[in-house]
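Chains, contacts and geometry: an overview
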Amino acid sequence: LPPALSEQAGEIDSVIALHFWLIAFFFALVLVFMLYSLVVFRRRKGEENVEGEHFEGNSTVEIVWTVAPLVLVLILGFVGWRSLNEVTRPRENEMVINAEGFQWAWAFTYPDSGVTSAELVLPVNQPIRMEMSAREVLHSFWIPQFRVKQDLVPGQTTILRFTPVAVDSSEALKVRCAEICGLSHWRME
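Fair warning: this is a prediction, and the values are worked out from it, not measured in the lab. (Residues numbered from 1 in each chain as written. Predicted model: local features only at pLDDT ≥ 70, side-chain atom pairs only at ≥ 80, totals over all residues. Heavy atoms only, no water.)

Its place among the elements puts Arg91 in the loop between helix 2 (59-88) and strand 1 (95-102). Excluding residues that lie within four positions of it along the chain, Arg91 makes contacts with Glu7, Gln8, Glu86 and Pro127. (Helix = DSSP H or I, 4+ residues; strand = E, 2+ residues; numbered from the N terminus. Contact = heavy atoms within 4.5 Å.)

Written out as structure tokens, the structure reads:
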């Protein structure tokens, strides 16, 4: 992942890491059982039309493999809900910035000063409340280093909150459109 440059990035990174390790664990588990089955239950020389012993099933196993994933999904749902609430909760002294996405650029308006710019300038350690809209088609406001992304829908105002906590000295950060919005989508940054 790129460097984490917002207060919200840590929370989002922890959810990504949790999902990554769970996916890796379950992938490995399935792969091990699959390889075990291929080796142990393969047809051997001289065996023809040999069928395994017939059995009806095991209610305990069926209940476990139904309830265990349900519990895991509920836990992950709770973790996601808690993380989403933490990332989107209002902060004190939020600086409001209006963002408008249009084919194929951005316009940022700072209501306190009335300044409008194609470049987004943010103070460090200042909670930001982006009030975003789109003119004609869907767009998606995304700054990878902040780990936040929000869709912009024509006719609606969407809100995105984040707090920049560091400056990336290597280069200016890029606001990217993460929604294919037409022929020149590629240069909407």
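With that settled, the discussion passes to the sheet that holds strand 1. Read from one edge to the other, the open sheet built from 5 strands follows the order 3-2-1-4-7, with strand pairing classed as mixed. With partners counted over all chains shown, the strands left at the sheet margins are strand 3 (115-117) and strand 7 (158-162), one partner each. Strand-to-strand twist of the sheet, defined as the mean angle between neighbouring strand axes without regard to direction, takes the value 25°. The pairing of strand 1 with strand 4 (residues 128-134) spans 7 bridges and is parallel. (Pairing = 2+ DSSP bridges. Axes fitted to C-alpha atoms, helices over the stretch in contact; angles between N-to-C directions.)

Turning our attention to the layout of surface pockets. Considered as a void within the structure, the largest pocket measures approximately 550 Å³ in volume. Considering the residues around the largest pocket, the lining is formed by 25 residues, among which Glu119, Leu120, Ala172, Leu173 and Lys174 are closest to the centre. Top element by residues in the lining of the largest pocket is strand 2 (residues 105-110). It accounts for 3 residues. Split into classes, the residues belonging to the lining of the largest pocket amount to 19 nonpolar, no polar and 6 charged. (1 Å grid on protein atoms, 1.4 Å probe; cavity = no way out; pocket = protein on both sides within 12 Å on 5 of 7 lines; lining within 4 Å. Points joined across faces, edges and corners; volume = space filled by probe spheres on them. Nonpolar A, V, L, I, M, F, W, Y, C, P; charged D, E, K, R; others polar.)

This paragraph deals with the pattern of salt bridges. A full pass over the atoms with the stated rule returns 11 salt bridges. In this structure, Arg89 and Glu86 form a salt bridge, with 3.3 Å as the shortest nitrogen-oxygen distance. On the basis of relative accessibility, which here comes to 36%, the residue Arg89 falls in the partly exposed class. You can call Glu86 partly exposed: its relative accessible area is 30%. Close ionic contact of Glu189 with Arg176 constitutes a salt bridge, the shortest N to O distance being 2.9 Å. You can see Glu189 sitting in the segment after strand 8 (176-177) and its partner Arg176 sitting in strand 8, a full 13 residues away along the chain. (Salt bridge = Lys/Arg side-chain N within 4 Å of Asp/Glu carboxyl O. Buried < 20%, exposed > 50% of the residue type's maximum accessible area, 1.4 Å probe, protein only.)

Of note, the amide linkage connecting Gln103 to Trp104 takes the cis form, showing an omega dihedral of 0°. Its place among the elements puts Trp104 in the loop between strand 1 and strand 2. The phi dihedral of Asn93 is positive, around 55°, even though this residue is not glycine. Within the secondary structure layout, Asn93 lies in the loop between helix 2 and strand 1. The exposure class of Asn93 is exposed, given its relative accessible area of 64%. With phi around 60°, Arg147 is a residue other than glycine that occupies positive phi space. Within the fold, Arg147 resides in the loop between strand 5 (139-143) and strand 6 (148-152).

Moving on, we get to the packing of helix 1 (residues 9-40) against helix 2. Between helix 1 and helix 2, the shortest axis-to-axis distance is 9 Å and the interhelical angle comes to 165°. The angle between helix 1 and helix 2 falls in the class roughly antiparallel. Helix 2 is crossed by helix 1, and the crossing has left-handed handedness. Contacts from Glu11, Ile12, Val15, Leu18, His19, Leu22 and Phe26 of helix 1 reach helix 2 at Leu72, Leu76, Val79, Arg82, Ser83, Glu86 and Val87. For the contact of helix 1 with helix 2, the per-class residue count stands at 9 nonpolar, 2 polar and 3 charged. (Parallel < 35°, antiparallel > 145°, perpendicular 65-115°, else oblique. Left-handed = near helix turned anticlockwise from the far one by under 90°.)

What follows is about the sheet that holds strand 6. Taken in spatial order, the 3 strands line up as 6-5-8 in an open sheet, and their pairing is antiparallel. In this open sheet, the two edge strands, each paired with only one partner strand, are strand 6 and strand 8. Strand direction decides the pairing type here: strand 5 and strand 8, joined by 2 bridges, are antiparallel. Paired with Phe141 across the bridge in strand 8 is Cys177.

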